[in-house]
Amino acid sequence: MTQTVELPLWAFVLILLFAAVTFASHFLFPSVRWFFRRRLERAVAQLNQRLERPIEPFKLARRYDMIQRLIYDPQVAQAVSDHAAAHGIPENVAFEDARRYAREIVPSFSAFTYFSFAIRAARLLSNAIYRVRLGSYDEGLLKAIDRDATVVFVMNHRSNMDYVLVTYLVAKRSALSYAVGEWARVWPLSLLIRAMGAYFIRRKSQNGLYRSVLAAYVRLATRAGVTQAMFPEGGLSLTGALAPPKHGLLKYIVDGSAEVSKDVVFVPVALNYDRVLEDKILTKAARTGERRFRARIGTVMLRLLRHLWLWMTGRYQHAGQAAVSFGRPLSVSELPAGEGQDRARILSAELMRRIGEVVPVLPVPMVSYLLLQRGAMSEAALVQALAETVARMPQASIHMPEHAHGAAVQSAVMQMRRRGLIRTTGGVITPELSQIDLLRFYANSIAHLVPIALEPPSDPGESSASAKANAASAGS
């Protein structure tokens, strides 16, 4: 028992390594996890005192536990059985598919990442690129929402900056759980998005098992009262106008509320920009009919570095205004409950209508609209036309000084000239024919708010002839 045993050095190192791992896994790691878990719980408790809607325990659950809960959901179990029978595969193989889908969907929310990093980064990025404006809204209506109800912010989708802006502007209300498309499943961006509580969805998947797992997760989150954010249009608008809504996620949410008689309140949110960062990509996709425009992470990083360099050298210029407005909340209990009613379809149509009511009216979209409608004109005529048009929109969310329409026009003209959307000759502002798609893109965002709808000419040459005629009359 006391004899000396000789071992090779590599074997001795391995023994020490295994001993260290065993000690850490059985004694050290549980204690460390418990220590940090207690600190996190105290921090979240303090944070919840400041938030209008506290962070739900559902979001703080371990990701592994949530995945297990999801794949053993009764409806998912039935979907696994049906999938196995339909495809002629063993149930254990279908079960592994369900587990893979669950791992893909379930986020790994970190309160520290969200409130210590994401909120600050969102505020810094938003204010670095835009002059951010919060539209007028009824604060009383938002505060009157039952604290036990699940709140879902429903937004139009103009830009990938939508996520950043809304996260920043509702930071004092709650932590949002976004439904994010496949574009964001790029390392390392995907890790950050998961830590912020977002869950990934395959928007065009026709796989029944996948949809059952997704529906189960959305139902669980709805029952637990998780504050969610979603884009019913299902993707970025290619034309600038509001797109027809999709009904899938809304149906899952409505079904989840019905199963436990839990009220769900939808808050319409409308966003608009003087410049959409992806506008050229989107208008090109509209022309070609191809929506696959996922940006490579390297391209995004190069663009950010370029903007950082411009800022450091004092040459950076803001991209104009970005504005957010909140519409009238809508409760699930207000929907018709008759048998045979497609409540999700009714809900989506009404939400898009309420979003459309509060789309912010900004200088660049308004000037684009007027130039397309009336052709070339002088700056003075443009100011007069803007004032007359705004006066006919008393219910719209106007983000321009009431008695400073001239300053709004000058700001828009400066930005549009810098981007080559217009040209100025002899004091007359003329739309650039080659950029007509971009002008329509911005004009379409507010055209539905103007009494006379925007009807861009089908023939670009016709637009050019009209512009020359108006320019001649303006010059005389």
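Just so it is clear, the structure is predicted and the values come from calculations on it, not from any experiment. (Residues numbered from 1 in each chain as written. Predicted model: local features only at pLDDT ≥ 70, side-chain atom pairs only at ≥ 80, totals over all residues. Heavy atoms only, no water.)

**With respect to helix 5 (residues 91-105)**
Three- or four-residue spacings in an α-helix give side chains the same orientation, since the helix completes a turn every 3.6 residues.
Then step 1. Compared with the 21 Å implied by 1.5 Å per residue over 15 residues, the 21 Å span of helix 5 between its first and last C-alpha is a close match.
Then step 2. Considered for burial, the residues of helix 5 that qualify are Ala94, Phe95, Asp97, Ala98, Arg99, Tyr101, Ala102, Glu104 and Ile105. (Helix = DSSP H or I, 4+ residues; strand = E, 2+ residues; numbered from the N terminus. Expected span 1.5 Å × (residues − 1). Buried < 20%, exposed > 50% of the residue type's maximum accessible area, 1.4 Å probe, protein only.)

**As for the packing of aromatic side chains**
Then step 1. The tally for this structure, following the rule as stated, stands at ten aromatic pairs.
Then step 2. Relative to Phe95, the ring of Tyr72 has its centre 5.5 Å away and its plane inclined at 50°; by these criteria the two rings are tilted. Here the residue Tyr72 occupies a position in the loop between helix 3 (63-71) and helix 4 (74-87), and Phe95 occupies one in helix 5, the gap between them amounting to 23 residues.
Then step 3. You can call Tyr72 exposed: its relative accessible area is 53%. (Phe/Tyr/Trp six-rings, centres within 6.5 Å; stacked < 30°, edge-to-face > 60°.)

**Re the sheet that holds strand 10 (residues 377-378)**
Think of a sheet as strands paired side by side through backbone hydrogen bonds, with each pair either parallel or antiparallel.
Then step 1. Read from one edge to the other, the open sheet built from three strands follows the order 10-13-12, with strand pairing classed as antiparallel. Two strands lie at the open edges of the sheet, namely strand 10 and strand 12 (422-425), each paired on one side alone.
Then step 2. Where strand 10 meets strand 13 (residues 428-431), two bridges bridge the pair, whose relative direction is antiparallel. Paired with Met377 across the bridge in strand 13 is Ile429. (Pairing = 2+ DSSP bridges.)

**Examining the environment of Asp138**
Then step 1. Considering the arrangement of structural elements, one finds Asp138 in the loop between strand 1 (131-134) and helix 7 (139-143).
Then step 2. Given the relative accessible area of 44%, Asp138 is considered partly exposed.

**Considerations on the packing of helix 15 (residues 363-374) against helix 16 (residues 379-391)**
Then step 1. The contact between helix 15 and helix 16 brings their axes to 10 Å, and the two run at 105°. Comparing the axis directions of helix 15 and helix 16 gives the class roughly perpendicular. Seen from helix 15, the contacting residues are Met366, Val367, Leu370, Leu371 and Arg374; seen from helix 16, they are Leu382, Ala385, Leu386, Glu388, Thr389 and Val390.
Then step 2. In terms of residue class, the contact of helix 15 with helix 16 is built from eight nonpolar, one polar and two charged. (Axes fitted to C-alpha atoms, helices over the stretch in contact; angles between N-to-C directions. Parallel < 35°, antiparallel > 145°, perpendicular 65-115°, else oblique. Contact = heavy atoms within 4.5 Å. Nonpolar A, V, L, I, M, F, W, Y, C, P; charged D, E, K, R; others polar.)

The analysis is restricted to geometry; functional conclusions fall outside its scope.
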